[in-house]
Structures are given as structure tokens and as C-alpha cells.
Amino acid sequence: MASGVKPRVKVPGKASAGEAVTIKTLISHPMESGQRKDSSGNKIPRSIINRFTCEFNGESVIDVTLEPAISTNPYFQFEATVPETGDFKFTWYDDDGSVYEEAKSVTVA
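A. Representation of the overall build of the protein. Broken down by element type, the protein carries zero helices and eight strands. Mapped from its N terminus to its C terminus, the protein presents α and β elements in the order β-β-β-β-β-β-β-β. In terms of principal-axis extent, the alpha carbons of the protein reach across some 60 × 20 × 20 Å. In the protein, which comprises 109 residues, the share counted as buried stands at 33%. Within the protein, contacts between residues separated by at least 24 positions form 58% of all contacts whose residues are at least 6 apart in sequence. Surface summary for the protein: the accessible area is close to 6,300 Å², and the carbon and sulfur share equals 46%.

So this is what it looks like as C-alpha cells:
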């Protein structure tokens, strides 16, 4: 895992069957576009999170392709319907091949 890269996820711990819950994710990442130069005039290599996915019990909820214009520390907020007790799996894919994962469980009451 690259230095300083940290995913954070906020998911309600409980929901009713069929309820749409709000999910918030943030990953601390510099998102270098490859267009900027350092103080010596050298190009800073591109380094971005290029894909973000979320699954619930193995089923795709969201799959997003990110481009270099996305700002530092990408934040996503979206709704997902919770049909049953289960687990959300969040995955961020980095240009350098790194994969960052986080999981959160939801109990249907």
C-alpha cells in the first residue's frame, strides 16, 4: 500500500429489508495527473485511483472508472438497497497496481 493511502467508509450498521441506505467513501490519495512538474522541472508521474467498485454479498452495486481530472482524495456518496443482512466490499484500484479494500457489514432487522 502506498504511503498515506487510506480508505474510509461510512455505512449504517442496521437497516430494514429493502431499505436504501446512504454510503459515503473517501480515500486519501494524491491523484497525480502526470501533467504537473516538480520544483526541478521534472514531470511528476501519473498516479491515480483509476477504478472504484462496491459489491454487496458479491453483487455489483457500483463500478466507476476514474480519470486524471478527479481531485485529490476522491469522495463518493451513493445509495444502495439492502435486501438482506450482508457485507459491502469496497475496492479502489491504483495505477501502480495497488488495490485498497475495505468491508462493512449491515444487519437487516
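That was the structure; now back to the text.
B. Focus on the nonpolar core. Ranked by internal contacts, the top residues of the largest apolar core, which has 24 residues, are Ile23, Phe52, Phe88, Phe90 and Trp92. Counting only elements with at least two residues in this core, the list comes to β3 (19-28), β4 (49-56), β6 (75-82), β7 (86-94) and β8 (99-108). Once residues within four sequence positions are removed from consideration, Ile23 is found in contact with Lys10, Val11, Phe76, Gln77, Phe78, Ala80, Phe88 and Phe90.

C. Region of the structure containing the pattern of salt bridges. With the rule as written, the count across this model stands at four salt bridges. A salt bridge links Arg36 to Glu32, with the shortest nitrogen-to-oxygen separation between them at 2.5 Å. Assessed through its relative accessible area of 12%, Glu32 is described here as buried.

D. Structural view of the pairing of β6. Where burial is concerned, the two faces of β6 differ: the one with Phe76, Phe78, Ala80 and Val82 is buried and the one with Tyr75, Gln77, Glu79 and Thr81 is not. Note that β3 and β6 share eight bridges and pair antiparallel. Within the sheet, the bridge partner assigned to Ile23 lies in β6 and is Phe78.

E. Here's a closer look at the sheet that holds strand β5 (residues 59-65). Ordered in space as β2-β8-β7-β4-β5, the five strands form an open sheet in which the pairing is mixed. Lying at the two open borders of the sheet, with one neighbouring strand each, are β2 (14-15) and β5. Here β7 runs beside β8; their pairing, made up of eight bridges, is antiparallel. Bridged to Phe90 within β8 is Glu102.

How each quantity is defined
- Residue numbering note: each chain is counted from 1, following its sequence as written.
- Only residues with pLDDT of 70 or above have their local features reported here, since the model is predicted, and side-chain atom pairs are shown and tallied only from 80 upward, although totals for entire chains, interfaces and linings are computed over all residues.
- Computation of side-chain values: all heavy atoms of the structure, hydrogens and water removed.
- Going along the chain from the N terminus, every DSSP run of H or I of four or more residues is numbered as a helix, and every run of E of two or more is numbered as a strand.
- Burial classes: relative accessible area under 20% of the type maximum marks a residue as buried, over 50% as exposed, and values in between as partly exposed (1.4 Å probe, protein chains only).
- By definition in these notes, contact holds between two residues if any of their heavy atoms fall within 4.5 Å.
- Residue exposure ignores everything except the shown protein chains as possible cover, and the areas themselves are Shrake-Rupley values with a 1.4 Å probe.
- Here the nonpolar core consists of buried residues drawn from Ala, Val, Leu, Ile, Met, Phe, Trp, Tyr and Cys, with membership extended through side-chain atoms lying within 4.5 Å.
- The salt bridge definition used is simple: a Lys or Arg side-chain nitrogen within 4 Å of an Asp or Glu carboxyl oxygen.
- Two strands form a pair only when DSSP identifies at least two bridges running between them.

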